[in-house]
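One-letter residues, chain by chain:
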Amino acid sequence: MKIVVFNVKYSENLGDGLLAECIESALANGRDEIEVETIDLAGRQAFATGHGGRRRLMLGLLHRLPAGARRRLVRAVLERRLRALRGQWEEKVAVADAVVIGGGNLFQDDDLNFPLKIGAVLDCVVRYDRPLAIYAVGVGGHWSEPAYHLFARLKQARLVHLSVRDGFAQDTWREHFPDGPGAKIVRDPGLLIQASPGHKGVRVPFKGPLTIGLCVTDPIVLHRHGAVQTDGIPFADVEAYRNLIELLLDDGQHVVLFCNGAKEDQAFAERIGASVAKHRIVRSGTLDISRRPRLPIDLIQIIQSMDVVLAHRLHACIAAYALGIPHVGLAWDRKVEGFFNSVGRETYFIKGTSPPPKHVALLLKAAQQEGIEARRHRDTISEARAGISNMRRHLVERDQCAMSRI
């Protein structure tokens, strides 16, 4: 059986690659009779290794344009690109036994970016009448009318499984499709990451200097894609990070700046480091900036070297949880809050634009001291594994039914 999966595996944000690899591994589940191939919705063929900065320029341009102009520009660029990709996708779907769309925040209307891509995939699925699973997706609010009609093409498909990754996404899905189809909640597949050799699982709390990982995100990304008002996003400027870092250094902690892989995030980390060095003398070994991770395993290795993590990025938090490493989340999109709610870590989720640095420092210490509750952690990982297993069963059963009619 061949299963083709569509998502954004090769995004510079390695959280997307991390969850794509988890889906591939869990779907195949070591079975030779199941072949899994992932297709990147942007047409990328591999993880990025270059050093260009065009993406940040494009984000800045789009952020300044009026909504209507943004949609027209994105549509003009994408439709030309999709004409080239569609033939490739049709060839893949034609020889597949089933198709999966997921995971990730794919059902969002970011100026028709994902609606156009998902709509093109759905056209292929309908044309070849392949069983379709939409798995563990995030769902954005405020779809434009064109976005709704593009996403609604799923109603024409042979849909055998439909799931979202949290309660917020389920509520939003119901608002978009009040008459169905209904979506159930499953755990994010990123919870099934494979740790690097030597990782010992859930961390045992200890006293002493901590290695505190600050996973930074360029403010332009938060402002462009955030679901909250700009003035409601914590740690959205260099000064906020610098104030926290100075407090942590004064407390004798070791601080490491890192990112999820996007070039603009790495550049922002370097700006923060330079700002700290400009305002104070930084002793060697007290403040470090990790190299930009190029592959999901690089990101995993960075995160598992920390004692506690602070992050906006959803999959930095998910990876930390999966690895048993305490973490504190920062509000900017409901998907992050949805994850913290789902694993009972609401206490360690920060809302508000200007949390006092001392409060954040104390929260990081408290998170590290409390650790990750082992039993709930085991149950959560088991639920993530069961979610993909159930989807695979739905796809296999539908494939066997189709074969029996031949």
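Just so you know, these numbers come straight off a predicted model, no measurement behind them.

A. Region of the structure containing the overall build of the chain. The helix and strand tally for the chain stands at 14 helices and twelve strands. Looking at the chain as a whole, 57% of its 406 residues are labelled buried. Relative to all contacts within the chain whose residues are 6 or more apart in sequence, the contacts with residues 24 or more apart total 78%. Surface accessibility of the chain: about 17,600 Å² in total, with carbon and sulfur atoms responsible for 49%.

B. Just the sheet that holds strand 3 (residues 98–107), in detail. If you walk across this open sheet you meet the six strands as 2-1-3-4-5-6, and the pairing is parallel. Since the sheet does not close on itself, it has two edges, and those belong to strand 2 (35–40) and strand 6 (184–185), each with one partner. The sheet contact formed by strand 3 and strand 4 (residues 131–139) spans six bridges and is parallel. Within the sheet, the bridge partner assigned to Val 100 lies in strand 4 and is Ala 133.

C. Region of interest: the packing of helix 8 (residues 238–250) against helix 13 (residues 357–370). The contact between helix 8 and helix 13 brings their axes to 9 Å, and the two run at 55 degrees. Considered as vectors, helix 8 and helix 13 are oriented oblique to each other. Read as a crossing pair, helix 8 and helix 13 show a hand that is right-handed. Seen from helix 8, the contacting residues are Asn 243, Leu 244, Leu 247 and Leu 248; seen from helix 13, they are Pro 357, Lys 358, Val 360, Ala 361 and Leu 364. Each residue belonging to the contact of helix 8 with helix 13 can be placed in one class, and the counts come to seven nonpolar, one polar and one charged.

D. Quick look at the sheet that holds strand 11 (residues 327–330). The sheet built from six strands is open, its strands ordered 9-8-7-10-11-12 with parallel pairing. One side of each edge strand has no neighbouring strand; the edge strands of this open sheet are strand 9 (287–289) and strand 12 (349–350). Sheet topology places strand 7 (residues 211–215) next to strand 10 (residues 308–311); four bridges connect them, and they run parallel. Bridged to Leu 214 within strand 10 is Leu 310. Set on the sheet, helix 8 makes contact with strand 7, strand 8 (254–258), strand 9, strand 10 and strand 11; between it and strand 7 the angle comes to about 175 degrees.

E. Up close: the pairing of strand 3. Here strand 3 lies mainly inside the structure; ten of its ten residues are buried. Bridge count between strand 1 (residues 2–7) and strand 3: four bridges; the pairing is parallel. Counted as the bridge partner of Ile 3 is Ala 98 from strand 3. Taking the sense of rotation as the criterion, the β-α-β connection linking strand 3, helix 4 (residues 113–128) and strand 4 turns out right-handed.

F. Quick peek at the packing of helix 11 (residues 314–322) against helix 12 (residues 334–342). Two elements in contact, helix 11 and helix 12, have axes separated by 9 Å at closest approach and are oriented at 20 degrees. By the angle between their axes, helix 11 is roughly parallel relative to helix 12. The interaxial crossing formed by helix 11 with helix 12 has left-handed handedness. Counted together, Leu 314, Cys 317, Ile 318 and Tyr 321 of helix 11 and Lys 335, Val 336, Phe 339 and Phe 340 of helix 12 form the full contact between these two elements. A breakdown of the residues in the contact of helix 11 with helix 12 according to their chemical character gives seven nonpolar, no polar and one charged.

G. The arrangement of the nonpolar core in detail. By size, the foremost hydrophobic cluster in this structure holds 87 residues, and its most contacted members are Ile 245, Ile 303 and Leu 310. Contacts of Ile 245, omitting those with residues within four sequence positions, involve Leu 214, Val 255, Leu 257, Ile 272, Val 276 and Leu 287. Grouped together as the second largest cluster of nonpolar side chains are 42 residues, Val 8, Ile 39, Ile 134 and Ala 157 included.

H. Inspection of helix 4 at higher detail. Helix length check: helix 4, at 16 residues, gives a terminal C-alpha distance of 24 Å against a target of 22 Å (1.5 Å per residue), a fit within 8%. Within helix 4 the residues assigned to the buried category are Asn 113, Phe 114, Pro 115, Leu 116, Lys 117, Ile 118, Gly 119, Ala 120, Val 121, Leu 122, Cys 124 and Val 125. Asp 129 sits one or two residues past helix 4 and shows a positive phi near 50 degrees.

I. Fine view of the side chain of His 377. Along the chain, His 377 falls in helix 14 (residues 374–404). A distance of 3.1 Å separates a polar atom in the side chain of His 377 from the backbone oxygen of Ala 322. With residues up to four places along the chain from it excluded, the contact list for His 377 reads Val 202, Tyr 321, Ala 322, Gly 324 and Ile 372.

J. Fine view of the state of the cysteines. One pass over the structure, following the stated rule, counts zero disulfides. The cysteine Cys 259 is free of any disulfide, with Cys 215 supplying the nearest cysteine sulfur at 6.9 Å. The buried category is assigned to Cys 259, whose relative accessible area is 0%.

Here is what the cut-offs are and how they apply
Residues numbered from 1 in each chain as written. Predicted model: local features only at pLDDT ≥ 70, side-chain atom pairs only at ≥ 80, totals over all residues. Heavy atoms only, no water. Helix = DSSP H or I, 4+ residues; strand = E, 2+ residues; numbered from the N terminus. Buried < 20%, exposed > 50% of the residue type's maximum accessible area, 1.4 Å probe, protein only. Contact = heavy atoms within 4.5 Å. Areas by Shrake-Rupley, 256 points an atom, 1.4 Å probe, with all protein chains shown as cover. Pairing = 2+ DSSP bridges. Axes fitted to C-alpha atoms, helices over the stretch in contact; angles between N-to-C directions. Parallel < 35°, antiparallel > 145°, perpendicular 65-115°, else oblique. Left-handed = near helix turned anticlockwise from the far one by under 90°. Nonpolar A, V, L, I, M, F, W, Y, C, P; charged D, E, K, R; others polar. Right-handed = clockwise from strand over helix to strand, strands pointing away. Core = buried A, V, L, I, M, F, W, Y, C linked by side-chain atoms within 4.5 Å. Expected span 1.5 Å × (residues − 1). Polar contact = N/O pair within 3.5 Å; in protein donor to acceptor, adjacent residues only side chain to side chain. Disulfide = S-S within 2.5 Å.

No statement about biological role is implied by the geometric values presented.
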